[in-house]
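Tertiary structure, described
Now for the letters of each chain:
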Amino acid sequence: MPRLELALFMFAVVAVACADDTTAMTSGSEASTTASTAGPDTTTGPTTTDAQTTTAPEPTGASTITTVTTASTTEPATTTDPVTTTDPTTATTTDPTTPSTTEPATVSTTDPETTGGGVCGVEGDTVSAELAQMGKPVACGPLEFTGTRISPQKGPVWQLDGCACGDNCLIPDPWTLSVSAPAAWLPLMPACPRIVVDRVEGFGGCQFAAISVWDLQAPGEPAVYHAGHGLSPTQAGAAELTVTPQSVETCDCMGCCQPAELWDLQFTLGGADVTLTEGESAPLGQRNAINFESHHIGLCDAPLDVHWAIRKPA
């Protein structure tokens, strides 16, 4: 190749090589430009760090929680205050004692309406009697029988005949006596008795009031049997027996006509006397006496809860 052409060829090669280097440089600068452009994107990085700084207060908030825990630790101090709960315990012990003393008073005021009775007295045995002449009904009032006992001495029901003792009567005159009382306090009926039963008008009709039984074969002696529902013996027995109430206690009764009241009963018979509390029995001269119950509940139209008996022992 001629020198001139060779020189031109070499120049062309060098020019091409230089052009390639320029391209490489240009792309390199472009790459660096791109990298620097991506570099500012790290501006979002500060934002992220800002976000981390924002979350940083949260740990501070968590430390506030520990303060709350400290507040809860102070609460146990309040728990030690409940140790003064021992004071309420003593208060509680005194409280039951105080109500227990006042409760009876409360019961006395409220119970009468619900139970029909006050706190004065307790329920005891009762006594009643019925005397009847067969086929002859009678008006309410005292009934009297004299005649002969034709059934065994012990009751509680006796068959009687109006024919006088020792008489030989052609026409029978049948009577019946029945007594309701505890077995130990039933009368022992004499062979020739005189029997008086008082009945009075009361709440619900004619009611038993009292009974007296004498032995016609022992004139002048006190009755072998007195019993009653109330504070009086029979009218026929009032000459030898008195029953006197002695007030023991008065109790309030809400909605009642009068206060409830409890009595002891003093019995006087044939020169002997004895005072009996409710439910008590004792000798009375040659007789035995018992006070089954003796109180009044104070309710309107309520009968007296007074039952007693006096009998000649076997």
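Definitions and cut-offs
Residues numbered from 1 in each chain as written. Predicted model: local features only at pLDDT ≥ 70, side-chain atom pairs only at ≥ 80, totals over all residues. Heavy atoms only, no water. Helix = DSSP H or I, 4+ residues; strand = E, 2+ residues; numbered from the N terminus. Buried < 20%, exposed > 50% of the residue type's maximum accessible area, 1.4 Å probe, protein only. Contact = heavy atoms within 4.5 Å. Areas by Shrake-Rupley, 256 points an atom, 1.4 Å probe, with all protein chains shown as cover. Phe/Tyr/Trp six-rings, centres within 6.5 Å; stacked < 30°, edge-to-face > 60°. Lys NZ or Arg CZ within 6 Å of the ring centre and 35° of its normal. 1 Å grid on protein atoms, 1.4 Å probe; cavity = no way out; pocket = protein on both sides within 12 Å on 5 of 7 lines; lining within 4 Å. Points joined across faces, edges and corners; volume = space filled by probe spheres on them. Nonpolar A, V, L, I, M, F, W, Y, C, P; charged D, E, K, R; others polar. Pairing = 2+ DSSP bridges. Core = buried A, V, L, I, M, F, W, Y, C linked by side-chain atoms within 4.5 Å. pLDDT = per-residue confidence, 0-100.

Thoughts on the overall build of the chain
Broken down by element type, the chain carries four helices and 14 strands. The proportion of buried residues among the 314 residues of the chain is 28%. Across the chain, every contact between residues at least 6 apart in sequence was considered, and the portion connecting residues at least 24 apart equals 52%. Carbon and sulfur atoms make up 61% of the accessible area of the chain, which totals about 18600 Å².

Description of the packing of aromatic side chains
One pass over the full model with this rule turns up three aromatic pairs. On the basis of an interplanar angle of 85° and a centroid distance of 6.5 Å, the ring pair of Trp 185 and Phe 292 is categorised as edge-to-face. Taken together, the residues span a long stretch of sequence, with Trp 185 in the loop between β5 (174-180) and β6 (193-202) and Phe 292 in strand β13 (residues 287-296) at a distance of 107 residues. Side by side, Trp 185 and Phe 292 carry an identical accessibility label, which is buried. Lying over the aromatic face of Trp 214, Arg 194 brings its terminal NZ or CZ to 4.7 Å of the ring centre.

Section: the layout of surface pockets
In this model, the largest pocket occupies a volume close to 290 Å³. Elements supplying a minimum of two residues to the lining of the largest pocket: β6 and β7 (205-215). Here the residues of the lining of the largest pocket are counted per class, giving eleven nonpolar, six polar and three charged.

Describing the sheet that holds strand β4 (residues 157-161)
If you walk across this open sheet you meet the four strands as β1-β5-β4-β3, and the pairing is antiparallel. The open sheet is flanked by β1 (128-133) and β3 (148-149), the only strands paired with a single partner. Note: β3 against β4, two bridges, orientation antiparallel. Of the residues in β4, the one forming a bridge with Thr 148 is Asp 161.

Focus on the nonpolar core
Within the largest apolar cluster, 25 residues are counted, with the highest numbers of intra-cluster contacts made by Leu 131, Leu 160, Leu 177, Val 179, Ile 195, Ile 211 and Tyr 225. Put simply, the parts of the chain that give this core at least two residues each are β1, β2 (143-146), β4, β5, β6, β7, β8 (225-229) and β13. Those residues within four positions of Leu 131 in sequence are excluded, and the remaining contacts are Leu 143, Glu 144, Phe 145, Leu 160, Trp 175, Thr 176, Leu 177, Ile 195 and Val 197. Within the second largest apolar cluster, 14 residues are counted, among which are Trp 263, Leu 265, Ala 272 and Ala 289.

Notes on the environment of Leu 216
Among the secondary structure elements, Leu 216 is positioned in the loop between β7 and β8. Taking relative accessible area as the criterion, Leu 216 reaches 43% and is therefore assigned partly exposed. In this structure, the C-alpha to C-alpha distance between Leu 216 and Cys 165, residues 51 residues apart in sequence, is 9.0 Å. If we ignore the near neighbours within four places in the chain, the residues touching Leu 216 are Thr 146, Cys 192, Pro 193 and Arg 194.

Structural notes on the confidence of the model for the chain
For the chain, the average pLDDT comes to 73, and 62% of its residues sit at 70 or higher. Throughout residues 12-118 the model reports pLDDT below 50, and contacts reaching past four residues in sequence, or to other chains, amount to 23 contacts.

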